[in-house]
Amino acid sequence: MANNTQHIVDKTSQLRAALTNHPVYTHIKSIYDLRVFMQYHVYAVWDFMSLLKSLQNNLTCTKVPWYPKGDANTRYLINEIVLGEECDVDMQGNRTSHFELYLAAMQQCGADTTGIAAFTTTLQQTGHFEDAFMAACTPAAARHFVTNTFDVIHSNKAYLQAAVFTFGREDLIPSMFLPLVSDIGKNFPGRFDVFEYYLNRHIEVDGGHHSQLALEMTALLCGSDEQKWAEAQIAVVQSLEKRVALWDGVCAAIQEKNMRRTV
């Protein structure tokens, strides 16, 4: 299993490097740039929570009457991660999910939250993603990213969901967020402490406890089944490609917005 885990890491090393060194981080030079970034990235924050809860639904009993479901080890691993992501603490020590914390960060820097609000409200009311995307005028890159995530969710294959969650999110986020934290602190010293707290919280939690839990969960779910590991690798590659495309979309949007501002 350790060899299979390392194989995925090796096979995705170029994509991971492309994300860690993506030019999007150096494009965020003004408050306007940061707002554009957040208005795209918030969709990834939201669908992260959806991917997380799909794993919890598949690996534990979330209905009444309750019955034991699956392996107790995977139940523990996913519930431990859910606890940290859905019920963390904000800067004042109040319980909050990471999605709600991100919305607070957006509000602090004046980023428009009406798009993501329209998306989640419409989706909750209709259950149709196309309606929600249209109501929110969701950018194409964010739309494609969310669609790919929900393709994984709708596969109903817990081992695929775990692999994408692990290698496309938890194990990747610290190295991806470190350059962003550095640039935010340099370009906006002390101005957007909620966003800095959000990023640092993810680096701290995902870089240590959660990434190890997620790796263990994926290894347990794939086991010694080489077919599962092969499918997992394909899904992880697709997820990382969509993240690169999301960051590309942010860069293009920042450049377009800056061009309009200077005309």
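What counts and what doesn't
Residues numbered from 1 in each chain as written. Predicted model: local features only at pLDDT ≥ 70, side-chain atom pairs only at ≥ 80, totals over all residues. Heavy atoms only, no water. Helix = DSSP H or I, 4+ residues; strand = E, 2+ residues; numbered from the N terminus. Rg over C-alpha atoms; globule rule 2.2 N^0.38 Å. Buried < 20%, exposed > 50% of the residue type's maximum accessible area, 1.4 Å probe, protein only. Contact = heavy atoms within 4.5 Å. Areas by Shrake-Rupley, 256 points an atom, 1.4 Å probe, with all protein chains shown as cover. Lys, Arg positive; Asp, Glu negative; His and termini not counted. Charge placed at Lys NZ, Arg CZ, Asp CG, Glu CD. Phe/Tyr/Trp six-rings, centres within 6.5 Å; stacked < 30°, edge-to-face > 60°. Disulfide = S-S within 2.5 Å. Axes fitted to C-alpha atoms, helices over the stretch in contact; angles between N-to-C directions. Left-handed = near helix turned anticlockwise from the far one by under 90°. Nonpolar A, V, L, I, M, F, W, Y, C, P; charged D, E, K, R; others polar. Salt bridge = Lys/Arg side-chain N within 4 Å of Asp/Glu carboxyl O. 1 Å grid on protein atoms, 1.4 Å probe; cavity = no way out; pocket = protein on both sides within 12 Å on 5 of 7 lines; lining within 4 Å. Points joined across faces, edges and corners; volume = space filled by probe spheres on them.

1. Details of the overall build of the protein
1) Next: From N to C terminus, the protein includes 13 helices and two strands.
2) Next: In summary, the protein has a C-alpha radius of gyration of 18 Å against a globular reference of 18 Å for 263 residues, a match within 12%.
3) Next: Each principal axis of the C-alpha atoms in the protein carries an extent, and together these give about 60 × 40 × 35 Å.
4) Next: Within the protein, the fraction of its 263 residues that count as buried is 52%.
5) Next: Across the protein, the fraction of contacts at a sequence separation of at least 24, relative to all contacts at a separation of at least 6, is 76%.
6) Next: Here the protein displays about 12100 Å² of accessible surface, and carbon together with sulfur accounts for 53% of that area.
7) Next: For the protein, the distance from the average site of its 21 positive side-chain charges to the average site of its 28 negative ones is 4 Å.

2. Digging into the packing of aromatic side chains
1) Next: In the structure shown here, the tally under the stated rule is 15 aromatic pairs.
2) Next: With centroids separated by 6.3 Å and ring planes inclined at 50 degrees, the aromatic side chains of phenylalanine 119 and phenylalanine 129 adopt a geometry described as tilted. With a gap of ten residues between them, phenylalanine 119 in helix H7 (residues 114-126) and phenylalanine 129 in helix H8 (residues 129-136) connect regions that are remote in the sequence.
3) Next: Judged by relative accessible area, which is 0%, phenylalanine 119 ranks as buried.
4) Next: Relative accessible area serves as the criterion here: at 22%, phenylalanine 129 is assigned to the partly exposed category.
5) Next: Taking the centre distance of 6.3 Å and the plane angle of 50 degrees together, the rings of phenylalanine 177 and tyrosine 198 count as tilted. Here the residue phenylalanine 177 occupies a position in helix H11 (residues 173-187), and tyrosine 198 occupies one in helix H12 (residues 193-222), the gap between them amounting to 21 residues.
6) Next: On the basis of relative accessibility, which here comes to 3%, the residue tyrosine 198 falls in the buried class.
7) Next: An aromatic cluster of at least three residues, connected via ring pairs, comprises Tyr43, Trp46, Phe119, Phe129, Phe133 and Phe150.

3. Structural notes on the state of the cysteines
1) Next: Per the stated rule, a full pass over the model turns up zero disulfides.
2) Next: Unpaired in terms of disulfides, cysteine 87 finds its nearest cysteine sulfur in cysteine 61, a separation of 18 Å.
3) Next: For cysteine 87, a relative accessible area of 31% translates into the label partly exposed.
4) Next: As a non-bridged cysteine, cysteine 251 has cysteine 109 as the owner of its nearest cysteine sulfur, 17 Å distant.

4. Some details on unusual backbone geometry
Across the chain, the bulk of peptide bonds are trans and the bulk of non-glycine residues have phi less than zero.
1) Next: Residue valine 64 is joined to proline 65 through a cis peptide bond whose omega torsion reads 0 degrees.
2) Next: The backbone of cysteine 137 shows a phi angle near 50 degrees, a positive value even though the residue is not glycine.
3) Next: Judged by relative accessible area, cysteine 137 falls into the exposed class, the value being 66%.
4) Next: Its identity is not glycine, yet asparagine 156 carries a phi of approximately 60 degrees, on the positive side.
5) Next: Following the sequence through the fold, asparagine 156 ends up in the loop between helix H9 (140-154) and helix H10 (158-170).

5. Notes on the packing of helix H4 (residues 31-59) against H10
1) Next: Axis separation between H4 and H10 bottoms out at 10 Å; the angle between their running directions is 145 degrees. In the crossing of H4 with H10, the sense of the turn from one axis to the other is left-handed. In this structure, H4 uses Ala44, Asp47, Phe48, Leu51, Leu52, Ser54, Leu55, Asn58 and Leu59 to contact H10, whose residues at the interface are Ala158, Gln161, Ala162, Val164, Phe165, Arg169 and Glu170.
2) Next: Here the contact of H4 with H10 is built from residues that sort into ten nonpolar, three polar and three charged.

6. Comments concerning the environment of methionine 106
1) Next: Its location among the elements puts methionine 106 in helix H6 (residues 98-109).
2) Next: Considering only alpha carbons, one finds methionine 106 and tryptophan 46, 60 residues apart in sequence, at a separation of 13 Å.
3) Next: In this structure methionine 106 touches Met38, Gln39, Val42, Ala111, Asp112 and Thr113, once residues within four positions along its chain are discounted.

7. Comments concerning the pattern of salt bridges
1) Next: Following the criterion strictly, the structure yields seven salt bridges and no others.
2) Next: With a shortest N-O distance of 3.1 Å, arginine 16 and aspartate 171 are connected by a salt bridge. Here aspartate 171 lies in the loop between H10 and H11 and arginine 16 lies in helix H2 (residues 13-20), a separation of 155 residues in the sequence.
3) Next: Here glutamate 231 ties to lysine 157 by a salt bridge, and the two come within 3.2 Å at their closest N and O atoms.

8. A few points about empty space enclosed by the protein
1) Next: A full pass over the atoms with the stated rule returns one cavity of 30 Å³ or more.
2) Next: Computed from the structure, the largest cavity encloses a volume of approximately 70 Å³.
3) Next: Every residue along the wall of the largest cavity is listed here: His41, Ala44, Val45, Phe48, Arg169, Ile173, Phe177, Tyr198, His202 and Arg243.
4) Next: Looking at the lining of the largest cavity, the elements that each hand over two or more residues are H4, H11 and H12.
5) Next: With four residues, H4 is the single largest residue contributor to the lining of the largest cavity.
6) Next: Among the residues forming the lining of the largest cavity, the class breakdown is six nonpolar, two polar and two charged.

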